[in-house]
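One-letter residues, chain by chain:
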Amino acid sequence: MGLWARYNALLEAQPLLTKALTSFTGFTVGDILAQNFVNQDGKAYDPMRTLRLGSFGFLVHGTTGHYFYGFLDSKMPGTKPQTVASKVLIDQTIWNPIFGLMFFGYLNVVEGKSFDEYKKKIQSDLKTAVMGSWAVWVPAHTINFAFIPPSQRLLYINSIQIGYNVFLSFLGNKKVDGEEEKEL
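The text that follows walks through the structure, step by step, so that each part is easy to find. Given the structure is predicted, the values throughout are model-derived calculations rather than measurements.

Remarks on the packing of helix α4 (residues 81-110) against helix α5 (residues 115-147)
For the pair α4 and α5, interaxial distance at closest approach is 7 Å and the crossing angle is 145°. When the axes of α4 and α5 are compared, the crossing they make is right-handed. For the contact of α4 with α5, the residue count by class is 16 nonpolar, eight polar and five charged.

Structure (structure tokens):
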């Protein structure tokens, strides 16, 4: 059995776990790329940062994506242009900001930061994250909702997410004005 067939068999047998592992992979690879090829800050590779982002993919992105996109598809089945446009609109105006709050909140918790630091991070970077995602996710989700089978949505999202995670990794680890450098 080939890799694609095995992936689909796992997706059929254990969809939530498979999607969580897929998201773990996407977030892990995205952060490795960000740290090694994008960040030119001279800092050594931080495996704990990769672990934090990978665990977010596994624990939050894969699981919530499974339920959110499943719910969206159950309430708005089909691929008519109006349906696709509605799904993209819901994804980008409702889910996207919620995702950003979860992303920054998760990093805040696993880095041991305070709620005040979380609020500052949201004020500083949530708008950038949401608006920055529109350039990637509006066209990506238009293709996703029009052409990708529902069972494959999270795999498709994660294949694009690897590149987008370079941006998220950078933004998630960017210091907020006034934030002290902290060793974890």
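Points about the environment of H141
Checked against the element boundaries, H141 lands in helix α5. The class for H141 is buried, based on a relative accessible area of 3%. When the C-alpha positions of H141 and Y156 are compared, they lie 9.5 Å apart, and in sequence the two are 15 residues distant. Ignoring any residue separated from it by four or fewer positions in sequence, one finds H141 in contact with Y69, V88, D91, Q92 and I157.

Things to note about the packing of helix α1 (residues 3-13) against helix α2 (residues 15-38)
Two quantities define a packed helix pair, namely the angle between the helix axes and the distance between the axes. Where α1 contacts α2, the axes come no closer than 5 Å and their chain directions differ by 130°. The angle between α1 and α2 places the two elements in the oblique class. In this structure, α1 uses Y7, L10, L11, E12 and A13 to contact α2, whose residues at the interface are P15, T18, K19 and T22. Broken down by class, the residue content of the contact of α1 with α2 amounts to five nonpolar, two polar and two charged.

Regarding the nonpolar core
Core analysis: the biggest nonpolar cluster contains 30 residues, and F56, Y69, F99, F103 and F104 have the highest contact counts within it. Listing elements by their share of this core, those giving two or more residues are α3 (47-75), α4, α5 and α6 (153-172).

Some remarks on the packing of aromatic side chains
In this structure the tally under the stated criterion is 12 aromatic pairs. When the centroid spacing of 5.0 Å and the interplanar angle of 75° are considered together, the rings of F68 and Y69 count as edge-to-face. Across the pair, exposure class does not vary: F68 and Y69 are buried alike. Taken together, the ring pairs connect F27, F56, F99, F103, F104 and Y106 into an aromatic cluster.

Each value, and the rule that gives it
- Residues numbered from 1 in each chain as written.
- Predicted model: local features only at pLDDT ≥ 70, side-chain atom pairs only at ≥ 80, totals over all residues.
- Heavy atoms only, no water.
- Axes fitted to C-alpha atoms, helices over the stretch in contact; angles between N-to-C directions.
- Helix = DSSP H or I, 4+ residues; strand = E, 2+ residues; numbered from the N terminus.
- Left-handed = near helix turned anticlockwise from the far one by under 90°.
- Nonpolar A, V, L, I, M, F, W, Y, C, P; charged D, E, K, R; others polar.
- Buried < 20%, exposed > 50% of the residue type's maximum accessible area, 1.4 Å probe, protein only.
- Contact = heavy atoms within 4.5 Å.
- Parallel < 35°, antiparallel > 145°, perpendicular 65-115°, else oblique.
- Core = buried A, V, L, I, M, F, W, Y, C linked by side-chain atoms within 4.5 Å.
- Phe/Tyr/Trp six-rings, centres within 6.5 Å; stacked < 30°, edge-to-face > 60°.

Limitation: the analysis is restricted to geometry and does not speak to function.
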